[in-house]
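One-letter residues, chain by chain:
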Amino acid sequence: MKGIPMQTGVLRVLRATAASWWRHRELRRTGQTTLARRLERQTVLRDLGYLRQAATLPNAHVICGDGGTFIHLGWTTVSSFAPIERFPLAALAVARGTPFIDLRPVTDGIAFANLPRVTRGGSVDPDHSGAGSSVSLTNYIDMVEKLGAGIVNDPRPRQST
């Protein structure tokens, strides 16, 4: 756990989440506790890695819409069909400062579908129009905010008026 200190509460949530998985519960129920513990530890370590990436990657962000919640980490995406309120890993990432885009208030699905994606590797398309192109996270937030999305942990510089 070098670099980013992990609070006991974060580890507690990750451990509880891993232990609650149906497969891990079933292993414990059938007496395979050693295997369940090993799989839970692997899950916690993997999730700690995701939290580390969410805290350090410049375009990392969490999005929640009607289709579920997604943690975008460059070329990796972690997702759940659940809303952020029932996806502890995403909620932890947001609580630790990762930008969160709440798309649930957005009603114009066509306009949203035609937005460019957030760049994954740092290169931005100069002509950022259309669904196949990419833009920076801050430009993307500008676009989705116009459609009614809510923003938490906004990475854009504050404008004084």
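Residues numbered from 1 in each chain as written. Predicted model: local features only at pLDDT ≥ 70, side-chain atom pairs only at ≥ 80, totals over all residues. Heavy atoms only, no water.

Draft legend 1. Looking closely at the packing of helix α2 (residues 22-29) against helix α3 (residues 33-56). Where α2 contacts α3, the two axes come as close as 7 Å, and the packing angle between them is 155°. Taken together, α2 and α3 sit at an angle that is classed as roughly antiparallel. The two elements α2 and α3 cross, and the hand of that crossing is left-handed. Contact residues: R23, H24, L27 and R28 in α2; T33, L35, A36, R37, L39, E40 and T43 in α3. (Axes fitted to C-alpha atoms, helices over the stretch in contact; angles between N-to-C directions. Helix = DSSP H or I, 4+ residues; strand = E, 2+ residues; numbered from the N terminus. Parallel < 35°, antiparallel > 145°, perpendicular 65-115°, else oblique. Left-handed = near helix turned anticlockwise from the far one by under 90°. Contact = heavy atoms within 4.5 Å.)

Draft legend 2. Summary view of the pattern of salt bridges. If you walk through the whole model with that rule in mind, you get 8 salt bridges. For R46, the salt bridge goes to D47, with nearest N and O atoms at 3.0 Å. The shortest N-O distance in the salt bridge between R104 and D102 comes to 2.9 Å. Here R104 falls in the partly exposed class, since its relative accessible area comes to 31%. Take D102: its relative accessible area is 16%, and that puts it in the buried class. Among the ionic contacts, a cluster of salt bridges with common partners joins D142, E145, D154 and R156. (Salt bridge = Lys/Arg side-chain N within 4 Å of Asp/Glu carboxyl O. Buried < 20%, exposed > 50% of the residue type's maximum accessible area, 1.4 Å probe, protein only.)

Draft legend 3. Summary view of the environment of A82. Along the chain, the position of A82 falls in the loop between β3 (76-80) and α4 (88-95). A82 sits in the buried class, given a relative accessible area of 11%. A82 sits 14 residues away from G68 along the chain, and the two C-alpha atoms are 4.9 Å apart. Those residues within four positions of A82 in sequence are excluded, and the remaining contacts are G68 and T69.

Draft legend 4. Main features of α4. Of all the positions in α4, only L89, A90, L92, A93 and V94 are classed as buried. Just past α4, the residue G97 takes up positive phi, approximately 110°.

Draft legend 5. Just unusual backbone geometry, in detail. For N153, which is not a glycine, the phi torsion comes out positive at approximately 60°. With respect to the element layout, N153 can be found in the segment after β7 (150-152).

Draft legend 6. Layout of the side chain of T69. Relative to the helices and strands, T69 is located in strand β2 (residues 68-73). Judged by its relative accessible area of 0%, T69 falls in the buried class. Engagement of the side chain of T69 in a polar contact is seen with the backbone oxygen of A82, the distance being 2.8 Å. In this structure the side chain of T69 is engaged in a polar contact, spanning 2.9 Å, whose partner is the backbone nitrogen of I84. T69 has contacts with V62, I63, C64, V78, S79, S80, A82, P83, I84, F87 and A90, leaving out every residue within four places of it along the chain. (Polar contact = N/O pair within 3.5 Å; in protein donor to acceptor, adjacent residues only side chain to side chain.)

Draft legend 7. Structural view of the sheet that holds β2. Overall, mixed pairing links the 5 strands, which are arranged β3-β2-β1-β4-β7 in an open sheet. With one partner strand each, in any of the chains shown, β3 and β7 form the two edges of the open sheet. Recorded for the sheet is a direction-independent mean angle of 15° between the axes of neighbouring strands. (Pairing = 2+ DSSP bridges.)

Draft legend 8. Inspection of the packing of helix α1 (residues 8-20) against α3 at higher detail. At a minimum axis separation of 9 Å, α1 and α3 run at an interaxial angle of 130°. The angle between α1 and α3 falls in the class oblique. Seen from above, α1 lies across α3 with right-handed handedness. Counting all contacts with α1, which are made through V10, L11, L14, R15, A18 and A19, the residues of α3 involved are E40, T43, V44, D47, L48 and L51.

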